[in-house]
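Survey of secondary and tertiary structure
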Amino acid sequence: MTLKTRLDAKEAVAGVIGLGYVGLPLAVELARRQVRTIGFDVDVRKVSELAAGRSYIPDVPSEHVAEAVNSGMLTPTTDPAALRDADVIDICVPTPLRKTKDPDLSYVVKAVDTTASVLRKGQLVILESTTYPGTTDEVVKPALEANGLKAGVDFYLAFSPERVDPGNPTFQTRNIPKVVGGYDAASTALAKAFYEQVVDTVVPVTSTRAAEMVKLLENTFRAVNIGMVNELALMCHRMGIDVWEVIDAAKTKPFGFMPFYPGPGLGGHCIPIDPFYLSWKAKQFNFEARFIELAGQVNSSMPEYVVNLVGEALNEHRKALNGSRVHVLGIAYKRDIDDVRESPALDVIELLMRRGATVTYSDPYVPEVDHGHHQLKGIAIQDAVAAGTDCAVIITDHKAFDYPSIVASFPLVVDTRNALKGIKSDKIFAL
Ligand SMILES: NC(=O)c1ccc[n+]([C@@H]2O[C@H](COP(=O)([O-])OP(=O)(O)OC[C@H]3O[C@@H](n4cnc5c(N)ncnc54)[C@H](O)[C@@H]3O)[C@@H](O)[C@H]2O)c1
């Protein structure tokens, strides 16, 4: 039976490599749509959690995991040989940056080597990890072909960027349109048929490179616009203009404007990283991606700016950063999630400590954080108040925080997210 026939008959088995923020929602959704799915991860702890019916990703309810595992539709495993049964192998592993801001494809290379070890005729391999244009063709394809099978002849190959937005209650796997670009037309068509089992709208493009570039356009668009609005915030501060009021008014324009908001810096596994995958690749074509570099400079300077703002606030009370107690509210990289990867809060904490402040934090989603040379445990807000905190700084505007009470309890509050909108107090220092 061909892969197309198996997909049409809902008999094709899916293999998902990497069960994190991207891979787990996909694997569980496939299983819930009656697609038999093998979930492979190298993390023994994650696989045993799943086998026990427990989720570690807030957007994926444990009941869904339990249902998928107990029905036999989802098999979590650390055994790569289990992937031999898969008709489609979908790779969702991390793509971080090295310290030098060069792409670190080591996870992709390992996952592709695993795939190559089980590759057989008729299989479809899809890469979902965000990466520079050319990766599927230049890195994935040769590694898969190492054992003699040929892409487009013996197996199918495609790239499909992931667009998951952790913590978004409206848009999840099913209703986020999925872009696919195959190595050839047959690969594109099969990848489309595969995702149509779980996603309402699949958008084909003509190549893996175009699909890779789509994701980088989306994330570069965000990084550059956030950089622009961060610069505007610094300008407004100098000019004594409330940037938040300006954005709120500008967004009443019903066309040609989309609001972006300033903040303490970029966080997460995507926006601070992905554009540098693109600028790195562009350099190989002797092309300098100036918008990306500039936005990167502005965005990465924001934590320093926030620390200066804390210093300005303390100065009003004739205090220095050195020796003051500063309490950070929210350390996840965005509202209502538990992910601290690349979170600007970590930079702010580091910079505050370097300037001699004693730093504590509260985050309802992150009980403790291991941040390189510092291990911190979150404390209750009232304990920070009781300890005599000199200044609180809102880095992540979780909905669970009681903002009026925060303003009432701390002597000074620096607000980097406009979380205190509508509250009037001369204790507040807004970005
Ligand atoms: N998190 C997001 O919001 C998001 C959104 C869109 C795209 N992406 C992209 O998706 C990709 C995955 O990101 P994520 O957030 O899911 O990462 P993650 O760290 O949450 O999950 C990755 C998983 O892969 C596993 N893994 C690593 N190497 C492996 C290997 N060789 N074999 C099997 N498993 C392996 C890890 O143990 C981990 O469980 C990245 O390229 C990222 O840029 C992420």
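The notes below deal with the structure included here. All values reported here derive from a predicted model rather than from experimental measurement. (Residues numbered from 1 in each chain as written. Predicted model: local features only at pLDDT ≥ 70, side-chain atom pairs only at ≥ 80, totals over all residues. Heavy atoms only, no water.)

Sheet architecture is open: five strands sit in the order 10-9-13-14-15, paired in parallel fashion. Edge strands, defined here as strands with exactly one partner in the open sheet, are strand 10 (358-362) and strand 15 (428-430). Looking at each pair of strands side by side, their axes are set apart by 20° on average, direction ignored. Examined bridge by bridge, strand 9 (residues 325-329) and strand 13 (residues 391-394) share four bridges and lie parallel to one another. Paired with Leu329 across the strands is Ile394, a residue of strand 13. (Pairing = 2+ DSSP bridges. Helix = DSSP H or I, 4+ residues; strand = E, 2+ residues; numbered from the N terminus. Axes fitted to C-alpha atoms, helices over the stretch in contact; angles between N-to-C directions.)

Let us look at unusual backbone geometry. Unusually for a residue other than glycine, Lys101 sits at a positive phi of about 65°. You can call Lys101 partly exposed: its relative accessible area is 43%. Positive phi, normally seen in glycine, also occurs at Glu342, with a value near 60°. Of note, Glu342 is situated in the loop between strand 9 and helix 13 (344-354). For Glu342, a relative accessible area of 44% gives the class partly exposed. (Buried < 20%, exposed > 50% of the residue type's maximum accessible area, 1.4 Å probe, protein only.)

All right, on to the packing of aromatic side chains then. The final tally for this structure, using the stated rule, is six aromatic pairs. Consider the rings of Phe221 and Phe260, whose centres lie 5.5 Å apart with planes at 75°: the pair is edge-to-face. Of this pair, Phe221 sits in helix 8 (residues 208-239) while Phe260 sits in the loop between helix 9 (243-250) and helix 10 (274-284), and the two are 39 residues apart along the sequence. Accessibility expressed as a relative area gives 10% for Phe260, which makes it buried. Ring geometry for Phe401 versus Tyr403: centroids 6.0 Å apart, planes at 80°, classification edge-to-face. Exposure remark for Phe401: the relative accessible area of 8% places this residue in the buried category. One aromatic cluster is present, formed by Tyr132, Tyr277 and Trp280 through successive ring pairs. For the cation-ring pair, Lys101 lies above Phe276, with the distance from its terminal atom to the ring centre recorded as 5.1 Å. We note Lys178 situated over the ring of Tyr195; from NZ or CZ to the ring centre the distance is 4.7 Å. (Phe/Tyr/Trp six-rings, centres within 6.5 Å; stacked < 30°, edge-to-face > 60°. Lys NZ or Arg CZ within 6 Å of the ring centre and 35° of its normal.)

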